[in-house]
Amino acid sequence: MATIEAGSPRLGRWRSTTIFIRRVSPRGEMVRRSDQAFRAATRQPRARHEAEYSQEGSDMAAAQLYDTIGATYAATRGTEPRIAARIWAALGDARTVLNVGAGTGSYEPTDCDVTAVEPSALMRAQRPSGAAPCVAGSAENLPFDDQSFDAAMAVSTIHHWQDPIAGLREMRRVARRVVVFTCNTSDLDLFWLTRDYLPEVASLKACRVLASLTELAGAIGARMEPVPIPWDCADGFFEAYWRRPEAYLNENVRRGISVWAAVGSEAEERAVHTLSNDLASGRWAERNSDLVDLDTAELGLRLLVI
Ligand SMILES: C[S@@+](CC[C@H](N)C(=O)[O-])C[C@H]1O[C@@H](n2cnc3c(N)ncnc32)[C@H](O)[C@@H]1O
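Residues numbered from 1 in each chain as written. Predicted model: local features only at pLDDT ≥ 70, side-chain atom pairs only at ≥ 80, totals over all residues. Heavy atoms only, no water.

For the chain, the helix and strand inventory stands at 14 helices and eleven strands. Within the chain, buried positions represent 54% of all 306 residues. Long-range contacts, defined here as pairs at least 24 residues apart, represent 69% of the contacts in the chain between residues at least 6 apart. Working note: accessible area of the chain is about 13,600 Å², and carbon and sulfur atoms make up 50% of it. (Helix = DSSP H or I, 4+ residues; strand = E, 2+ residues; numbered from the N terminus. Buried < 20%, exposed > 50% of the residue type's maximum accessible area, 1.4 Å probe, protein only. Contact = heavy atoms within 4.5 Å. Areas by Shrake-Rupley, 256 points an atom, 1.4 Å probe, with all protein chains shown as cover.)

The structure is reproduced here in structure tokens:
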């Protein structure tokens, strides 16, 4: 039996652009809009649906973190146009695009037929009205046929996946081209925040995953391109405020960055306290005088392209 839920039970309102798939009937019964690619892509053989049911547990696990920390995501996170330009250029002439770990929809190209996949209900609920249709699911088990899309993209998400290689292989399975925006964390001394204030980052699982980004890219045959971060980066991810250190004293900014939740409140309080003191005393400025004149910084951000 097919059960289709559209809407946000948590926020108690219904949205037409978000589609939760609990049970998918064969041949696209859950389609609620006349989106050709979405309809074509979700026509799946029965075996695929059964595989998906058995993955329900891992989809739940993927959703958990952002169902807890994602409430204010859209307040500080959004599309940085210069990074978007790099991602869109890498997507090339793709007309149908799958956005995996899509969150609130930042970086989804507006001139393509986009389908989003996102495990967290709280994140799906924050997608703006008119955003691309969004399926509840996780990267490791994409509910789409082989080669359903021209391209698949994933932005700031692979470090959260239970099995990044499995997720990337799934992207390759469903799409002809794969574009991933992520970070190589093999040199934590690149960024003053981790080097001088938050060394705990080194022991986070997400950081360890990204420390071996070169091997990961090799395993899936991707090429890696550096992405410099503009000094006034509009997407408030962890490294975004490298030339605006005062921003890290702002609780709202920190709540939009999963690293702070991951290191725990004790490390967070200590780092913020020390940074605040160093900004007041001029110690931060003294140590980081080389940053003041830079417009962009190389902090390990990478585009993986297959
Ligand atoms: C930092 S947010 C990035 C969201 C969006 N791509 C952006 O650029 O704003 C990370 C997202 O990855 C999602 N995520 C976590 N585990 C996942 C998995 N296994 N498969 C797909 N997405 C996952 C989270 O729910 C969250 O929405």
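Turning next to the site of the ligand. The environment of the ligand is made up of 20 residues, and the closest members are Tyr73, Gly101, Glu118, Val155 and Thr157. The separation between an oxygen atom of the ligand and a polar side-chain atom of tyrosine 73 is 2.7 Å. Burial of the ligand by the protein chains amounts to 99% of its free accessible area of 600 Å². Here the residues of the shell around the ligand are counted per class, giving ten nonpolar, eight polar and two charged. (Near = heavy atom within 4 Å. Polar contact = N/O pair within 3.5 Å; in protein donor to acceptor, adjacent residues only side chain to side chain. Nonpolar A, V, L, I, M, F, W, Y, C, P; charged D, E, K, R; others polar.)

The next subject is helix α5 (residues 81–91). Within α5, the full set of buried residues consists of Ile83, Ala84, Ile87, Ala90 and Leu91. The buried residues of α5 occupy an angular sector of 125 degrees when the element is viewed end-on, so they sit on one face. What points out from α5, more than 90 degrees from its buried face, is the exposed set Pro81 and Ala89. On the buried face of α5, the contacting elements are β3 (96–100), β6 (149–155), β7 (175–183) and β11 (301–305). (Arc of directions from axis to C-beta.)

Here the focus is the packing of aromatic side chains. Per the stated rule, a full pass over the model turns up eleven aromatic pairs. An aromatic cluster of three or more residues is present, and its members are Phe191, Trp192, Tyr197, Phe238, Tyr241, Tyr248, Trp260 and Trp284. Its end group placed over the ring of tryptophan 231, arginine 243 keeps NZ or CZ at 4.3 Å from the ring centre. Sitting over the face of the ring of tryptophan 260, arginine 254 holds its NZ or CZ atom 5.9 Å from the ring centroid. (Phe/Tyr/Trp six-rings, centres within 6.5 Å; stacked < 30°, edge-to-face > 60°. Lys NZ or Arg CZ within 6 Å of the ring centre and 35° of its normal.)

The subject of this paragraph is the confidence of the model for the chain. Averaged over the chain, the pLDDT score is 83; the fraction of residues at 70 or greater is 79%. The low-confidence segment residues 1–57 (pLDDT under 50) makes 111 contacts with residues lying over four places distant or belonging to another chain. (pLDDT = per-residue confidence, 0-100.)

Bringing the nonpolar core into the picture now. Counting 77 residues, the largest nonpolar core has Ile87, Met171 and Trp192 as the members making the most contacts within it. Not counting residues up to four positions away in its chain, the partners in contact with tryptophan 192 are Tyr197, Tyr241, Trp242, Pro245, Tyr248, Leu275, Trp284, Asn288 and Leu291. (Core = buried A, V, L, I, M, F, W, Y, C linked by side-chain atoms within 4.5 Å.)

Glancing now at the pattern of salt bridges. Tallying each qualifying case throughout the model produces 19 salt bridges. Here aspartate 196 ties to arginine 195 by a salt bridge, and the two come within 2.8 Å at their closest N and O atoms. Relative accessible area serves as the criterion here: at 37%, arginine 195 is assigned to the partly exposed category. Of the charged contacts in the structure, one is a salt bridge between glutamate 298 and arginine 302, with a shortest N-O distance of 3.0 Å. One salt-bridge network, in which partners are shared between bridges, spans Glu251, Arg254, Arg255 and Glu268. (Salt bridge = Lys/Arg side-chain N within 4 Å of Asp/Glu carboxyl O.)

Moving on, we get to unusual backbone geometry. We note that tyrosine 107 has phi near 75 degrees; this positive angle belongs to a residue other than glycine. Structurally, the position occupied by tyrosine 107 is in the loop between β3 and β4 (113–117). The backbone of glutamine 147 shows a phi angle near 55 degrees, a positive value even though the residue is not glycine. Judged by relative accessible area, which is 38%, glutamine 147 ranks as partly exposed.

Another aspect to go through is the side chain of asparagine 184. By the element assignment, asparagine 184 lies in the loop between β7 and α8 (192–197). If we ignore the near neighbours within four places in the chain, the residues touching asparagine 184 are Leu210, Ala211, Leu213, Thr214, Gly300 and Arg302.

With that settled, the discussion passes to the side chain of threonine 157. On the secondary structure map, threonine 157 appears in the loop between β6 and α7 (164–174). Looking at threonine 157, the relative accessible area reads 8%, which means it is buried. Not counting the four nearest positions on each side in its chain, threonine 157 is found in contact with Val100 and Gly101.

Over its 17 residues, helix α13 (residues 265–281) extends 24 Å from the first C-alpha to the last, a length consistent with the 24 Å expected when each residue adds 1.5 Å. Buried residues of α13: Ala267, Glu268, Ala271, Val272, Leu275 and Asp278, and no others. For α13, the buried positions fall inside an angular range of 135 degrees around the axis, keeping them on one side. Exposed residues lying more than 90 degrees from the buried face of α13 are Glu266, Glu269, His273, Ala280 and Ser281. Where the residues of α13 are buried, they touch α8, α11 (251–255), α12 (258–263) and α14 (283–287). Of the residues flanking the end of α13, it is glycine 282, one or two places downstream, whose phi is positive at about 90 degrees. (Expected span 1.5 Å × (residues − 1).)

Mapped onto the elements of the fold, glycine 256 is located in the loop between α11 and α12. Relative accessible area serves as the criterion here: at 4%, glycine 256 is assigned to the buried category. Along the backbone, glycine 256 and glycine 70 are 186 residues apart, and their C-alpha atoms lie at a distance of 7.3 Å. Not counting chain neighbours up to four residues away, the residues in contact with glycine 256 comprise Tyr73, Thr76, Arg77 and Gly236.

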